[in-house]
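Spelled out, the chains give:
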Amino acid sequence: MNLFPYEFDPKFERPVAYFSMEFAIDQALKTYSGGLGFLAGSHMRSVNDRRQKTVGVGMLWSYGYYDQGRHEDNTLEVEYRRKFYYFLQETDIVVDVTINGKPVYVKAYILPAETFESAPVILLSTDIFENDYLSRTISHKLYDANEETRIAQEIVLGIGGVKVLKALGLNIDVYHMNEGHALPMVFELMNDYPELDELKKHVVFTTHTPEMAGNETHNVHFLARMGFFNGFDLAEIQQKLDYCDENFSLTVGALKTSKRANAVSKIHEKVANEMWKNVPDKCEIISITNAQNMRYWSDKQLLSWMFEHEDYQLVGRKKHLKHKLFEEVADQTGKLFDPDVLTLVWARRFAEYKRPKLLIRDMERFRALVADRKYPIQIIWAGKPYPLDQQAVQTFNELVLMSREFANVAVLTGYELRLSKLLKQGSDVWLNTPRWGREASGTSGMSAGVNASVHFSIDDGWHAEFQRDGINSFTIPHADPSLPNEEIDRLDYLAMMEKLENIILPTYYDDPTHWNEIVKNGMNDIMVYFNSQNMVEKYYELLYDYKPSEG
């Protein structure tokens, strides 16, 4: 089957399959939760832009991640609604995988490349009549909390994905794991490449986070019972990988079965190599910094005015985009925001290390900030907590309840692609507050910055490679990471507020010409260095075409 409606660029003709548990390609296709999916979606769009021979392989989640609604008091309500997609192409391909000793049938659907101008993406579902109810639930919810279901999802993605590619007649040379979820693929590929050195020539791996949640470990006997190792004898796998730990790390497994791996920023490369330095026989970990597809994310009119140095039109277009965002704010909260007022947004996954509440660490100082009439400010929070992370849900709800006190503070729900684009195009400042070293890359600021929203961030992840403080962005110098978290948070908070109150706000109101220069510098630098068209070229050059003998 020919899935590609375009001729390949000769530099990118090596056939690659890109496996990811989530893809954020369009608002209409709810197969993602957050940043990992946003990155995968941009990757797939840029594959199309650069005419590469790469196909995506993911899961068709019947209920998505979850729908973010509100209770009567406006706090977060987790909702699950079945999704239907009439734009997917149904195939007659059904393969079977063995999970917990029983056959489970996996059906393939295809997102055609023409639908959203992306790579073709194969989406796998177990929610079909051939399966019993329990097997059908495997592809119901992204990141299911049940450990057995989670492992079953990974078996379907990895083993089922390889089998579907073969059934489609696709001759794949390189299999790319976007995070370790698809690791069972290597145990299916061992049928074709029994020797580990030969297998490694066909596998690459991207590690996305130093957080434990992104580096799964499970009891190795539990994995064997579930069928994670695809019927191979556990002792044989342990000997082949020289990995006999009781708790099996998917990341370690991926590092031992790949020809090369990449971290997603230069800082993350150092963190990852330090984190996994004691893993014997692991592959090399290099850096390929994440990027976003600006064809999708950027407002074309804003970019045009930036390139043509038409500042008046740039400012006018930005106010129009702020109006569009503020319609959403009014609809959700009943608050009318002013497009002439600096608008700061914190919007991303609600994880503790990202510190969504850093801005309100000192509530009296926060009240003074939002009440200031000389330098007024409007603040918006948005993002999805993991639905079963009670601390994250509580944090979100605390912000909702806090925001009732202020007419110029809002917390929005429904943080998916559409709202994300509204926020990035309608904000003036995009705030990023992770503890240093914990943010592997963080890409939301790229797609905000290209839309004339100045990135204001801890000097971590991609920002450390991009930032020219006060020239194209604003940087919060990080506290000593060896300090206790409480002290790190205190020092980072003081540095953040000092810059916001004494530099950012005065510059916006008192020196709009300088502000516009910062905006334009940021837009230009992101377009040059952080467009994912460049990123996908590096994946071919540094990962897919890499030959270990040349290393």
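To start, this report covers the structure provided alongside it. (Residues numbered from 1 in each chain as written. Predicted model: local features only at pLDDT ≥ 70, side-chain atom pairs only at ≥ 80, totals over all residues. Heavy atoms only, no water.)

**Points about the pairing of strand β4 (residues 76-79)**
A regular strand places its side chains on the two faces of the sheet in alternate fashion. Across four bridges, the pairing between strand β3 (residues 67-70) and β4 is antiparallel. Across the sheet, Asp67 pairs through a bridge with Glu79, a residue of β4. Connecting β3 to the antiparallel partner β4 that follows it, the hairpin turn spans five residues, and Asn74 within it adopts a positive phi of roughly 80°. (Pairing = 2+ DSSP bridges. Helix = DSSP H or I, 4+ residues; strand = E, 2+ residues; numbered from the N terminus.)

**A look at the sheet that holds strand β15 (residues 377-382)**
Across the sheet, which stays open at both edges, the six strands sit in the order β16-β15-β14-β17-β18-β19 with parallel pairing between neighbours. One side of each edge strand has no neighbouring strand; the edge strands of this open sheet are β16 (409-412) and β19 (474-476). Neighbouring strand axes in the sheet, compared pairwise and without regard to direction, differ in orientation by 20° on average. Pairing between β15 and β16: four bridges, direction parallel. Bridged to Trp381 within β16 is Val411. On top of the sheet, helix α13 (residues 311-333) reaches β14 (342-347), β15 and β16; it is set at about 80° to β16, its chief contact. Across the sheet, helix α19 (residues 485-510) is in contact with β14, β15, β17 (429-432), β18 (454-458) and β19; its angle to β19 comes to roughly 165°. (Axes fitted to C-alpha atoms, helices over the stretch in contact; angles between N-to-C directions. Contact = heavy atoms within 4.5 Å.)

**Topic: the packing of α13 against helix α16 (residues 417-426)**
The N-to-C vectors of α13 and α16 enclose an angle of 135°; their axes lie 8 Å apart at closest approach. Overall, the two elements α13 and α16 adopt an arrangement that is oblique. Of the two possible hands of crossing, α13 and α16 adopt the one that is left-handed. Note on element contacts: α16 touches α13 through Arg418, Leu419, Leu422, Leu423, Lys424, Gln425 and Gly426, opposite Lys318, Leu321, Lys322, Lys324, Leu325 and Glu328. Split into classes, the residues belonging to the contact of α13 with α16 amount to five nonpolar, two polar and six charged. (Parallel < 35°, antiparallel > 145°, perpendicular 65-115°, else oblique. Left-handed = near helix turned anticlockwise from the far one by under 90°. Nonpolar A, V, L, I, M, F, W, Y, C, P; charged D, E, K, R; others polar.)

**A word on the nonpolar core**
Ile122, Phe366 and Trp381 are the most contacted members of the largest nonpolar core, which totals 168 residues. A per-element tally of this core places helix α4 (residues 147-167) first, with nine residues. (Core = buried A, V, L, I, M, F, W, Y, C linked by side-chain atoms within 4.5 Å. Buried < 20%, exposed > 50% of the residue type's maximum accessible area, 1.4 Å probe, protein only.)

**Things to note about the sheet that holds strand β6 (residues 102-111)**
In spatial order, the strands read β5-β6-β7-β2-β1-β8-β9-β12-β13; together these nine strands make up an open sheet with mixed pairing. Whereas interior strands pair on both sides, the edge strands pair on one side only; in this sheet they are β5 (89-99) and β13 (285-287). Adjacent strand axes in the sheet meet at a mean angle of 25° when their direction is disregarded. Looking at chain direction, strand β1 (residues 16-20) and strand β2 (residues 54-59) are connected through four bridges and run parallel. Each bridged residue has a counterpart across the sheet, and for Val16 the counterpart in β2 is Thr54. Running at roughly 140° to strand β9 (residues 203-206), helix α9 (residues 250-257) makes contact with β8 (174-178), β9, β12 (260-263) and β13 of the sheet. Running at roughly 165° to β13, helix α10 (residues 266-275) makes contact with β12 and β13 of the sheet.

**Notes on the environment of Phe116**
The topology assignment puts Phe116 in helix α2 (residues 113-116). Given the relative accessible area of 14%, Phe116 is considered buried. As for Phe116 and Asp26, which are separated by 90 residues in sequence, their C-alpha atoms are 7.2 Å apart. Phe116 has contacts with Ile25, Asp26, Ala28, Arg45, Phe87 and Leu111, leaving out every residue within four places of it along the chain.

**Quick notes on the pattern of salt bridges**
One pass over the structure, following the stated rule, counts 42 salt bridges. Linking Asp127 and Arg136 is a salt bridge whose minimum nitrogen-to-oxygen distance equals 2.8 Å. The buried category is assigned to Asp127, whose relative accessible area is 12%. On the accessibility criterion, Arg136 (21% relative accessible area) is partly exposed. Close ionic contact of Arg490 with Glu487 constitutes a salt bridge, the shortest N to O distance being 2.7 Å. Taken as a pair, Arg490 and Glu487 lie in helix α19 at a separation of three residues, close to a single helical turn. Taken together, the shared-partner salt bridges in this structure form one network comprising Glu352, Arg355, Arg435, Asp489 and Asp492. (Salt bridge = Lys/Arg side-chain N within 4 Å of Asp/Glu carboxyl O.)

**Comments concerning the packing of helix α12 (residues 300-307) against helix α20 (residues 512-529)**
Contact pair α12 / α20: the axes reach a minimum separation of 10 Å and the direction vectors enclose 105°. Considering the angle they form, α12 stands roughly perpendicular to α20. When α12 is examined against α20, the residues Leu302, Leu303, Met306 and Phe307 are found in contact with a partner set consisting of Lys520, Met523, Asn524 and Met527. Of the residues belonging to the contact of α12 with α20, the class tally is six nonpolar, one polar and one charged.

Such coordinate-based values are descriptive only and should not be taken to indicate function.
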